[in-house]
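In case you want the letters, here they are:
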Amino acid sequence: MKELRVNIPGKEYSIFIGGGILKETGAMLRRVHGGRKAAVVTDENVRPLYGGAVENSLGESGFESTVIAVPAG
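Residues numbered from 1 in each chain as written. Predicted model: local features only at pLDDT ≥ 70, side-chain atom pairs only at ≥ 80, totals over all residues. Heavy atoms only, no water.

Peer 1: Hey, could you run me through the packing of aromatic side chains in this one?
Peer 2: In this description, a pair of aromatic rings is defined by centroid distance and the angle of the planes. The full count for this structure, using the stated rule, is zero aromatic pairs. The cationic tip of Arg30 hangs over the ring face of Phe63; the distance from NZ or CZ to the ring centre is 3.9 Å. (Phe/Tyr/Trp six-rings, centres within 6.5 Å; stacked < 30°, edge-to-face > 60°. Lys NZ or Arg CZ within 6 Å of the ring centre and 35° of its normal.)

Peer 1: Would you take a moment to explain the nonpolar core for this structure?
Peer 2: Side chains that are nonpolar tend, in soluble globular proteins, to be buried together. Core analysis: the biggest nonpolar cluster contains six residues, these being Ala38, Val40, Val54, Leu58, Phe63 and Val67. Taken together, the elements giving at least two residues each to this core come down to strand S3 (37–43) and helix H2 (47–60). What Val67 contacts, discounting residues up to four positions off in sequence, is Val40, Thr42, Arg47 and Glu55. (Core = buried A, V, L, I, M, F, W, Y, C linked by side-chain atoms within 4.5 Å. Buried < 20%, exposed > 50% of the residue type's maximum accessible area, 1.4 Å probe, protein only. Helix = DSSP H or I, 4+ residues; strand = E, 2+ residues; numbered from the N terminus. Contact = heavy atoms within 4.5 Å.)

Peer 1: I keep staring at the packing of helix H1 (residues 25–32) against H2 and nothing clicks. Help me out?
Peer 2: In a pair of packed helices, the angle between the axes and the distance between the axes together describe the arrangement. Taken N-terminus to C-terminus, the directions of H1 and H2 make an angle of 50°; their axes are 7 Å apart at the nearest point. In terms of orientation, H1 and H2 fall into the oblique class. The chirality of how H1 crosses H2 is right-handed. Along its contact with H1, which presents Thr25, Gly26, Ala27 and Leu29, the element H2 presents Val54, Ser57 and Leu58. Taken together, the residues that form the contact of H1 with H2 break down as four nonpolar, three polar and no charged. (Axes fitted to C-alpha atoms, helices over the stretch in contact; angles between N-to-C directions. Parallel < 35°, antiparallel > 145°, perpendicular 65-115°, else oblique. Left-handed = near helix turned anticlockwise from the far one by under 90°. Nonpolar A, V, L, I, M, F, W, Y, C, P; charged D, E, K, R; others polar.)

In structure tokens, the structure reads:
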């Protein structure tokens, strides 16, 4: 997995890139978020492709998750 640091005025964050990373979403979020709820925002085209993997990973890490799918485009 590779980490890309993004620095824009007033904001800095990481983007993680790697094969199979969606299965690690819950564990990665658990390291930085002590809560028990998470929301996944995606679009209608991406949700059927990757939404299940993210929801499963979040559930395995103890999160109650909600998926919000917005219209594509």
